[in-house]
Amino acid sequence: MPMTAAVLNSTSNNIAVAMQGLFIWNLNNQMVINSFDRDWQVLTADWNPDGTLVAFVSNRVPNRVQIVDIATGEMVDSFTSTIGTISLLDWSPDGQHIAHVGYESEEMVIYLWDVDSRQITQVLRPHQRLIPAMAWTPDGRYLASGGGGEYWDSNNFAVHVWDITQGTLRHELVGHKHLITDLAWHPNGDMLLASSSRNDDTILIWDLDSGRLVQQYNMVNPTRLAWHPSGDLLAVGSGLDSSLSIFCPGAE
């Protein structure tokens, strides 16, 4: 079975690897310290902020999010969504929400599950056929989602920035011409990095306050993005040749 996700939690220094089963790999002793649903393909996974819990979805029940304690191996919570198969989830940095993506009425929607109340508190509708990428600002106030779909509709490739505290759409960022492959917020939360591959092959940097495009890089098939903790450098991985490029935003 292919690997569908590998998510690092820097607090615990563990990696959650999603494939046939979910495996928790510790970087310090280089050992698997726990595993879950080993007979089923795991579709998506993410950590809570302190690295003690991991949420995941497997095709055993593809519309159910399971939350497990990696130390005890016990399932501490779960919830079932009404949006069919959950293709992506992202736990907010403040630990309050789990955003998850699935189909509803032939389009993708984003549900926000509140960890404390154990209820769905918001439904975000970008009106896109695919949502392959999401990213929270470091303070958990904003959630960005990136889309993909038919070529004739530019909205399908837009990036949406949602104000979770207000339950409103802050920006619709239109600039890419193909599927959004990844999103990453600047450590200060003031700029958003978005990448798109194939017929686009660009990396765009957007300003949060104004919604203005501030910088563009061209690169063949950019698929993964990461900011340096200082915010001075960004790393971009290419799906074409598995290369890694380093950029310095703002430099001439």
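Residues numbered from 1 in each chain as written. Predicted model: local features only at pLDDT ≥ 70, side-chain atom pairs only at ≥ 80, totals over all residues. Heavy atoms only, no water.

### Some words on the packing of aromatic side chains
In this description, an aromatic ring pair is defined by two values, namely the gap between the centres and the angle between the planes.
Here's step 1: Counted according to the given criterion, the structure contains three aromatic pairs.
Here's step 2: Relative to Phe56, the ring of Phe36 lies with its centre 6.3 Å away and its plane at 35°, an arrangement referred to as tilted. Of the two residues, Phe36 sits in strand 3 (residues 31-47) while Phe56 sits in strand 4 (residues 53-58), which places them 20 residues apart along the sequence. For the pair formed by Phe36 and Phe56, the shared burial category is buried.
Here's step 3: Between Phe79 and Trp113 the ring centres are 4.1 Å apart and the planes differ by 15°, which places this aromatic pair in the stacked class. Placement of the pair is Phe79 in strand 6 (residues 75-80) and Trp113 in strand 9 (residues 107-114), with a sequence separation of 34 residues.
Here's step 4: Owing to a relative accessible area of 8%, Phe79 belongs among the buried residues under this scheme. (Phe/Tyr/Trp six-rings, centres within 6.5 Å; stacked < 30°, edge-to-face > 60°. Helix = DSSP H or I, 4+ residues; strand = E, 2+ residues; numbered from the N terminus. Buried < 20%, exposed > 50% of the residue type's maximum accessible area, 1.4 Å probe, protein only.)

### Observations regarding a nonpolar patch on the surface
Here's step 1: Together, Leu8, Trp25, Leu27 and Val32 give the surface a local cluster of nonpolar side chains, amounting to about 340 Å² of exposed area.
Here's step 2: Mapped onto the elements, Trp25 comes out in strand 2 (residues 14-26).
Here's step 3: Judged by its relative accessible area of 34%, Trp25 falls in the partly exposed class. (Patch = residues over 30% accessible without salt bridge, like charges linked within 9 Å, V, L, I, M, F, W, Y side chains within 5 Å. Areas by Shrake-Rupley, 256 points an atom, 1.4 Å probe, with all protein chains shown as cover. Salt bridge = Lys/Arg side-chain N within 4 Å of Asp/Glu carboxyl O.)

### Regarding unusual backbone geometry
Here's step 1: The phi torsion at Asn13 lies on the positive side, around 60°, for a residue other than glycine.
Here's step 2: In this fold, Asn13 is placed in the loop between strand 1 (5-9) and strand 2.
Here's step 3: A positive phi angle, near 50°, is found at Asp37, a position not held by glycine.
Here's step 4: Note that Asp37 resides in strand 3.
Here's step 5: Residue classification places Asp37 among the buried positions, given a relative accessible area of 14%.

### Details of the pattern of salt bridges
Here's step 1: A full pass over the atoms with the stated rule returns five salt bridges.
Here's step 2: Across the salt bridge formed by Asp163 and Arg141, the nearest N and O atoms sit 2.9 Å from each other. Taken together, the positions of Asp163 in strand 13 (residues 159-163) and Arg141 in the loop between strand 11 (130-136) and strand 12 (142-148) put the pair 22 residues apart, joining distant regions of the chain.
Here's step 3: For Arg141, a relative accessible area of 33% translates into the label partly exposed.
Here's step 4: The shortest N-O distance in the salt bridge between Arg170 and Asp209 comes to 3.9 Å. One end of the pair, Arg170, is in strand 14 (residues 168-173); the other, Asp209, is in the loop between strand 17 (202-207) and strand 18 (213-218), and 39 residues separate them in sequence.
Here's step 5: The partly exposed category is assigned to Arg170, whose relative accessible area is 30%.
Here's step 6: Classification of Asp209 as exposed rests on a relative accessible area of 61%.

### Digging into the nonpolar core
Here's step 1: Grouped together as the largest cluster of nonpolar side chains are 15 residues, with contacts concentrated most on Ala144, Val159, Val161, Leu173, Leu183, Trp185 and Leu192.
Here's step 2: At three residues, strand 15 (residues 180-185) tops the list of elements feeding residues into this core.
Here's step 3: If we skip the residues at most four places from it in the chain, Val161 touches Tyr142, Leu143, Ala144, Thr168, Leu169, Arg170, His171, Leu173, Trp185, Leu192 and Leu208.
Here's step 4: Judged by nonpolar contacts, the second largest core, of 14 residues, contains Ala5, Ile24, Ala45 and Phe56. (Core = buried A, V, L, I, M, F, W, Y, C linked by side-chain atoms within 4.5 Å. Contact = heavy atoms within 4.5 Å.)

### Overview of the sheet that holds strand 8 (residues 97-104)
Here's step 1: The sheet built from four strands is open, its strands ordered 7-8-9-10 with antiparallel pairing. Each end of this open sheet is capped by a strand with a single partner; those strands are strand 7 (88-91) and strand 10 (119-128). This sheet shows a mean twist of 20° between the axes of neighbouring strands, independent of strand direction.
Here's step 2: Strand direction decides the pairing type here: strand 9 and strand 10, joined by six bridges, are antiparallel. Residue Leu112 lies in a different strand from strand 10, and its bridge partner there is Gln122. (Pairing = 2+ DSSP bridges. Axes fitted to C-alpha atoms, helices over the stretch in contact; angles between N-to-C directions.)

### Describing the side chain of Ser81
Here's step 1: Structurally, the position occupied by Ser81 is in the loop between strand 6 and strand 7.
Here's step 2: Residue Ser81 is classed as buried on the basis of its relative accessible area of 5%.

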